[in-house]
Amino acid sequence: MDPLDAGAGGILRQPKAVWATAGASVVAFMGIGLVDPILPSIARGLDATPSQVSLLFTSYFLITAVAMLLTGFVSSRIGGKRTLLLGLAFVVVFAGLAGTSGSVGQLVGYRAGWGLGNALFVSTALAVIVGAAAGGSAAAILLYESALGLGMACGPLLGAVLGNASWRYPFFGTATLMAIGFLCIAAFLKEQPRPARKTSVLDPLKALGHGGLASAAVSAFFYNYTFFTVLAFTPFVLDMTPYRSGAVFFAWGLLLAVFSVIVAPRMQERFGSLKVLGGSLVLLAADVLVLGYGNHTTAIVCTVLSGAFIGVNNTVYTELALGVSDAPRPVASAGYNFVRWFAAAAAPYFAPKIEEWTDIHIPFVVAAVTAVLGALVVLVRRRALVHEAEELKPGHATEDGVGVFAN
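What you see is a predicted model; the values in this text were computed from it and never measured.

1. A closer look at the overall build of the protein
Moving on, step 1. When its secondary structure is counted, the protein shows 16 helices and 0 strands.
Moving on, step 2. Here the protein holds 407 residues, and the buried ones make up 60% of them.
Moving on, step 3. Intrachain contacts of the protein at a sequence separation of at least 6 include 87% that bridge at least 24 residues.
Moving on, step 4. Carbon and sulfur atoms make up 67% of the accessible area of the protein, which totals about 14,700 Å².

Shown next, in the form of structure tokens:
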């Protein structure tokens, strides 16, 4: 059955609890790209350098990475619904506080608290959606990917619209939307069954002893460095008004959504997951290299185009993480995310530093190299990945395939 089918069990016929969780997921993913169009405005408003402002991403994702070790520990003890509500509460509080910041140090600190809340929420959201969805995991995963793509597209747009008046307004807007999401989940989502075995903080690290999962995590680490160089550093290179920058990243997010939900599954069916992933990583490397050395118009085009490759990569990496290990899915995905989010924390910090040490082109050269390294890991470790990758045709993840933050 086509998961987009509006018939019974299709993606469009889901319980209110699923739509409430998916809607809150859209806002959660909006928070990642929200600050993109307003990074230069924040720098001017708080008299900060690009490298200081880029710490908004670094603190956010550094806490997110570490928190991945705690999410399973928390959710296996208090349940999925309470974990979602706890995460949303953190985001509401710290996003609101971020809007009141009087210095870049305060803003970075509040973003760290926001990252903790986001980790608790997004790492649990897919598990809840799969558990509550009609039509099995195929429709649930597609719905989750759709929420991710929509959130990544709308985040920069919201940041641009609100940020054009003041860089503080996008943070207040996010806090308000997340508060609405909190109320919807509290009202419509029933408590999900807790796992029979409580998860230890060390379980995700132990799961990385599996060669296939470790290979997927290392490859995703290199890929994420490239991804977040584009997301966090490019706004300074484009140096546009919030509206124009928001429009660029809105188009980027639309391509990400279309290629992750519609194009990637069809490519996997035709060519196989590992060939699609390796080819997409190489094309992404070429794209960011041209982005770094092209003129302003070329940089805009390449920024938007990178969304297509990122969308494909997100889908394939998600499916590999869901099925490559014999560990319980939430545990395996926590270990996988623990590794890859460190790159998301590193890229926003090192890209501006590399520019300060060299010139504006070299950060993109480094990003191209890391994308190629991700492809090389896939090539060298294909034997550890190939069986699971061939089994993971689009939508074939099992019912317990939960707990991945897929971007």
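2. So, the packing of aromatic side chains
Moving on, step 1. Within the structure shown, the criterion is met by 17 aromatic pairs.
Moving on, step 2. Each ring, one from tyrosine 60 and one from phenylalanine 61, has its centre 4.9 Å from the other, and the planes form 85°; the classification is edge-to-face. With respect to class, tyrosine 60 is no different from phenylalanine 61; both count as buried.
Moving on, step 3. An aromatic cluster of three or more residues is present, and its members are Tyr60, Phe61, Trp114, Trp167, Phe171, Tyr223, Phe227, Phe228, Phe249, Trp252, Tyr317 and Trp341.
Moving on, step 4. One residue, arginine 111, lies across the ring of tyrosine 60, its end atom 4.2 Å from the ring centre.
Moving on, step 5. The cationic tip of arginine 111 hangs over the ring face of tryptophan 114; the distance from NZ or CZ to the ring centre is 4.7 Å.

3. Some words on unusual backbone geometry
Note: most residues except glycine have negative phi, and most peptide bonds are trans.
Moving on, step 1. In this structure, aspartate 47 is a non-glycine residue whose phi angle is positive, near 55°.
Moving on, step 2. Inspection of the secondary structure puts aspartate 47 in the loop between helix H2 (39-45) and helix H3 (50-53).

4. Concerning helix H15 (residues 362-380)
Moving on, step 1. The end-to-end C-alpha distance of H15 is 27 Å, a good match for the 27 Å that 19 residues give at a rise of 1.5 Å each.
Moving on, step 2. Every buried residue of H15 is accounted for by Pro363, Phe364, Ala367, Ala368, Thr370, Ala371, Gly374, Ala375, Val377 and Val378.

5. Observations regarding the packing of helix H11 (residues 242-271) against helix H12 (residues 273-293)
Moving on, step 1. At a minimum axis separation of 7 Å, H11 and H12 run at an interaxial angle of 120°. Comparing the axis directions of H11 and H12 gives the class oblique. Residues Met267, Gln268 and Phe271 of H11 form the contact with H12, whose participating residues are Ser273, Lys275 and Val276.
Moving on, step 2. Grouping the constituent residues of the contact of H11 with H12 by class yields 3 nonpolar, 2 polar and 1 charged.

6. Regarding the side chain of serine 76
Moving on, step 1. The residue serine 76 is located in helix H4 (residues 55-78) in this model.
Moving on, step 2. The buried category is assigned to serine 76, whose relative accessible area is 3%.
Moving on, step 3. At 3.2 Å, the side chain of serine 76 and the backbone oxygen of phenylalanine 73 are in polar contact.

7. With respect to the environment of glycine 253
Moving on, step 1. Looking at the secondary structure, you find glycine 253 in helix H11.
Moving on, step 2. Sequence-wise, glycine 253 and glycine 33 are 220 residues apart; in three dimensions their C-alpha atoms are separated by 9.3 Å.
Moving on, step 3. For glycine 253, the residues in contact, after removing those within four places along its chain, are Gly149, Met152 and Ala153.

8. Structural notes on the confidence of the model for the protein
Moving on, step 1. Overall, the prediction assigns the protein a mean pLDDT of 82, with 88% of residues at 70 or greater.
Moving on, step 2. Across the protein, the element-wise mean pLDDT spans from 64 in helix H16 (residues 382-391) up to 96 in H15.

9. Here's the deal with a nonpolar patch on the surface
Moving on, step 1. Together, Val369, Val372, Leu373, Leu376, Leu379 and Val380 line one region of the surface with nonpolar side chains, adding up to about 490 Å² of accessible area.
Moving on, step 2. If you trace the backbone, leucine 379 turns up in helix H15.

10. Let's talk about the environment of threonine 49
Moving on, step 1. Relative to the helices and strands, threonine 49 is located in the loop between H2 and H3.
Moving on, step 2. On the basis of relative accessible area, threonine 49 is assigned to the partly exposed category, the value being 35%.
Moving on, step 3. Between the C-alpha atom of threonine 49 and that of proline 352, which follows or precedes it by 303 residues, the distance is 9.2 Å.

11. Observations regarding the environment of glycine 115
Moving on, step 1. Examined against the element boundaries, glycine 115 turns out to sit in helix H6 (residues 104-132).
Moving on, step 2. Looking at glycine 115, the relative accessible area reads 0%, which means it is buried.
Moving on, step 3. When the C-alpha positions of glycine 115 and valine 66 are compared, they lie 10.0 Å apart, and in sequence the two are 49 residues distant.
Moving on, step 4. Beyond its immediate sequence surroundings of up to four residues, glycine 115 is in contact with Tyr60, Ile63 and Thr64.

12. Concerning the side chain of serine 59
Moving on, step 1. As for its position among the elements, serine 59 is in helix H4.
Moving on, step 2. The class for serine 59 is buried, based on a relative accessible area of 12%.
Moving on, step 3. Here valine 108 takes part through its backbone oxygen, which lies 3.0 Å from a polar atom of the side chain of serine 59.
Moving on, step 4. Those residues in contact with serine 59, other than ones at most four positions away along the chain, are Val108, Arg111 and Ala112.

How each quantity is defined
Residues numbered from 1 in each chain as written. Predicted model: local features only at pLDDT ≥ 70, side-chain atom pairs only at ≥ 80, totals over all residues. Heavy atoms only, no water. Helix = DSSP H or I, 4+ residues; strand = E, 2+ residues; numbered from the N terminus. Buried < 20%, exposed > 50% of the residue type's maximum accessible area, 1.4 Å probe, protein only. Contact = heavy atoms within 4.5 Å. Areas by Shrake-Rupley, 256 points an atom, 1.4 Å probe, with all protein chains shown as cover. Phe/Tyr/Trp six-rings, centres within 6.5 Å; stacked < 30°, edge-to-face > 60°. Lys NZ or Arg CZ within 6 Å of the ring centre and 35° of its normal. Expected span 1.5 Å × (residues − 1). Axes fitted to C-alpha atoms, helices over the stretch in contact; angles between N-to-C directions. Parallel < 35°, antiparallel > 145°, perpendicular 65-115°, else oblique. Nonpolar A, V, L, I, M, F, W, Y, C, P; charged D, E, K, R; others polar. Polar contact = N/O pair within 3.5 Å; in protein donor to acceptor, adjacent residues only side chain to side chain. pLDDT = per-residue confidence, 0-100. Patch = residues over 30% accessible without salt bridge, like charges linked within 9 Å, V, L, I, M, F, W, Y side chains within 5 Å. Salt bridge = Lys/Arg side-chain N within 4 Å of Asp/Glu carboxyl O.

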